[in-house]
Amino acid sequence: MGDVLLVACGGGANSALSKADIPISPMMAISRENGTISIDDKELIRKGMANYRVVIPFCILGGQVSTDIVREVIRCARAEGCKVVSVLGIPLEMEADRRERALRNLSDVVALSDCCLAFDMQRSMDVFMETYVDRKFDFFFMMIDRLIVTSINAIKDCLDGPFFTVFKDKLYAFASCNDVLTVNAVVKAWNLMLFDNNTEKDGLVILVSARTSSAEMDAISDRAVRELGIMPEVMRRTDSDDSKVIVFRSVSSF
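This one's a predicted model, so the numbers in the text were calculated from it and none came from an experiment. Numbering of residues starts from 1 in every chain and runs along the sequence as written. With pLDDT at 70 or above as the cut-off, local features in this predicted model cover only qualifying residues; side-chain atom pairs require 80 or more to be listed or tallied, and sums for whole chains, interfaces and linings still use all residues. Side-chain figures throughout are based on the complete set of non-hydrogen atoms in the structure, without hydrogens or water.

This paragraph deals with the overall build of the protein. Scanning the protein from N- to C-terminus turns up nine helices and ten strands. A compact globule built from 254 residues would reach a C-alpha radius of gyration of about 18 Å, and the protein, at 17 Å, matches this within 12%. By its C-alpha atoms, the protein is 50 × 40 × 35 Å across when sized along the principal axes. In this scheme, a residue with accessible area under 20% of its type's maximum is buried, one over 50% is exposed, and one in between is partly exposed, where area comes from a 1.4 Å probe on protein chains only. In the protein, which comprises 254 residues, the share counted as buried stands at 53%. For the protein, restricting intrachain contacts to residue pairs at least 6 apart in sequence, the fraction spanning at least 24 positions comes to 73%. Where accessible areas are quoted, they stem from the Shrake-Rupley method and a 1.4 Å probe; at the residue level, only the protein chains shown are allowed to cover. Summed over its atoms, the accessible surface of the protein is roughly 11,400 Å², and 48% of this surface lies on carbon and sulfur atoms. Computed over 30 positive and 36 negative side-chain charges, the inter-centroid distance for the protein is 2 Å. Working definition: helices are DSSP H or I runs of at least four residues, strands are E runs of at least two. Numbering for both runs from the N terminus. Radius of gyration here uses only the C-alpha atoms, and the compact-globule reference equals 2.2 Å multiplied by the residue count raised to the power 0.38. Contacts between residues were defined by any pair of non-hydrogen atoms, one from each residue, lying within 4.5 Å. Note on charges: Lys and Arg go in the positive column, Asp and Glu in the negative column, and His and the chain ends are not counted at all. Note on charges: their place is set at NZ of Lys, CZ of Arg, CG of Asp or CD of Glu.

Right under this line is the structure:
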């Protein structure tokens with residue numbers, strides 16, 4: 001939608017979006033260097049946000065530069081009167097120092113935002129490695145990048161409707177799954193959340209295909225209540241991939 005701006009904060013976010021090979025616009029890239037806009041040019045950043053209702057900062061937390069950038073982007077968005085929906089990545093376990101800094105800073109960035117979506121790159125890697133065997137390491141990074149971009153595009157779709165009355169909590173984990181039976185995909189996604197800090201709450205949002213019937217949406221709600229014990233919000237996306245669902249579960253930020 002035309003009044004939502006994605007802002008890639010730092011090198012990791014810029015790299016993920018460029019490698020996913022899925023169109024996403026409008027977008028602003030910010031970094032210390034090699035971005036479309038320098039983080040030091042606050043006036044230009046605010047000017048770029050002036051005509052937008054919602055800003056989506058996307059950041060792989062943990063790097064000193066990227067974490068500073070996402071905080072500054074949120075401050076600029078607030079100054080322009082924009083709502084903020086942040087998408088935040090947690091680095092792999094092999095990047096121990098960055099991962100520890102990311103987890104330490106997560107609560108702060110969540111507090112600055114209206115709503116956040118978090119994903120753990122280690123959890124994402126583990127899920128894809130269980131699903132796809134005998135693949136090269138680069139394949140798993142490509143899958144993570146594509147999942148991030150498709151999820152961001154789905155969120156942009158939601159922002160055209162009553163997003164902030166549906167996504168009522170501050171922080172959500174998410175997962176995407178496919179199944180011939182959409183109701184089965186929901187349960188699969190619930191068990192494959194890409195961020196898990198053992199602090200589940202009662203918020204559940206399920207995004208389904210644009211062609212999903214009202215009867216099918218009712219069946220999904222009934223299955224969620226019966227098996228998960230939560231009444232979900234079920235919303236249609238704009239795409240027509242009938243087998244795919246994207247599930248968002250609210251969690252606490254430690």
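From this point, the discussion proceeds with the structure in view.
Stacked, tilted and edge-to-face are the three classes applied to pairs of Phe, Tyr and Trp rings, where Trp contributes its six-membered ring and a pair requires centres within 6.5 Å; stacked means planes under 30 degrees apart, edge-to-face means over 60, and tilted covers the rest. Tallied over the entire structure, the rule returns seven aromatic pairs. Taken together, a centroid distance of 4.4 Å and an interplanar angle of 10° make the contact between Phe163 and Phe167 stacked. Residues Phe163 and Phe167 agree in their burial class; the two are buried. Counting every residue linked through ring pairs, the aromatic cluster contains Phe58, Phe119, Phe163, Phe164, Phe167, Tyr172, Phe174 and Phe248. Here, a charge over a ring is recorded when the distance from Lys NZ or Arg CZ to the ring centre is within 6 Å and its angle to the ring normal is within 35 degrees. Cation over ring: Lys83 sits above Phe164, and NZ or CZ is 5.2 Å from the ring centre. Here the guanidinium or amino end of Arg249 rests over the ring plane of Trp190, the centre of that ring lying 4.9 Å away.

Secondary-structure assignment places Ala219 in helix H9 (residues 214-228). Sequence separation between Ala219 and Asp160 is 59 residues, and the spatial gap between their C-alpha atoms is 25 Å.

What follows concerns the nonpolar core. The criterion is simple. A nonpolar core is a set of buried Ala, Val, Leu, Ile, Met, Phe, Trp, Tyr and Cys residues joined through side-chain atoms within 4.5 Å. The biggest cluster of nonpolar side chains holds 51 residues, and the ones touching the most others in it are Val7, Ile30, Met49, Leu61, Leu88 and Ile206. At six residues, the largest contribution of residues to this core is made by helix H3 (residues 64-79). Filtering out sequence-adjacent residues up to four positions away, Val7 remains in contact with Met28, Ile30, Met49, Val55, Ile56, Pro57, Phe58 and Val73. Counting 44 residues, the second largest nonpolar core, distinct from the first, contains Leu17, Cys115, Phe163 and Tyr172.

Time to look at the pairing of strand S6 (residues 115-120). The element S6 is extensively covered by neighbouring structure, given that six of its six residues are classed as buried. By the alternation rule, side chains of S6 split into Cys115, Leu117 and Phe119 and Cys116, Ala118 and Asp120, which are all buried. Two strands are said to pair when DSSP picks up at least two bridges between them. Pairing of strand S5 (residues 83-90) with S6 involves six bridges; the strand directions are parallel. Residue pairing across strands places Gly89 opposite Phe119, the latter belonging to S6. Between the parallel elements S5 and S6, the chain passes through helix H4 (residues 96-112) in a crossover that is right-handed. In the sheet, S6 pairs with strand S7 (residues 171-178) via three bridges, with the strands oriented parallel. Bridge assignment links Leu117 to a residue of S7, and that residue is Tyr172. Here is how to tell: hold the view so the strands point away, follow the path from the first strand over the helix to the second, and if it runs clockwise the crossover is right-handed.

All right, on to the pattern of salt bridges then. Any carboxyl oxygen of Asp or Glu within 4 Å of a side-chain nitrogen of Lys or Arg constitutes a salt bridge here. The full count for this structure, using the stated rule, is 14 salt bridges. A salt bridge links Arg53 to Asp3; the shortest N-O distance between them is 2.9 Å. On the criterion of sequence distance, the pair formed by Arg53 in the loop between helix H2 (42-49) and strand S4 (54-60) and Asp3 in the segment before strand S1 (4-9) is long-range, its members being 50 residues apart. A relative accessible area of 33% means that Arg53 is categorised as partly exposed. Residue Asp3 is classed as partly exposed on the basis of its relative accessible area of 22%. Ionic pairing is found between Asp68 and Arg71, a salt bridge with its closest N-O pair at 3.7 Å. Of this pair, Asp68 and Arg71 both sit in helix H3, three residues apart, which is roughly one turn of the helix. What you see here is one network of salt bridges that share partners, running through Asp68, Arg71 and Asp108.

Of all the positions in helix H5 (residues 121-131), only Met121, Gln122, Ser124, Met125, Val127 and Phe128 are classed as buried. Next to the buried residues of H5 lie S4, S5, H4, S6 and helix H6 (137-158). Here a polar contact means two N or O atoms within 3.5 Å. Within protein one must be a hydrogen donor candidate and the other an acceptor candidate, and residues neighboring in sequence count only if both atoms are side-chain atoms. Where H5 starts, the residue carrying a side-chain oxygen 2.8 Å from the main-chain nitrogen of Gln122 turns out to be Asp120.

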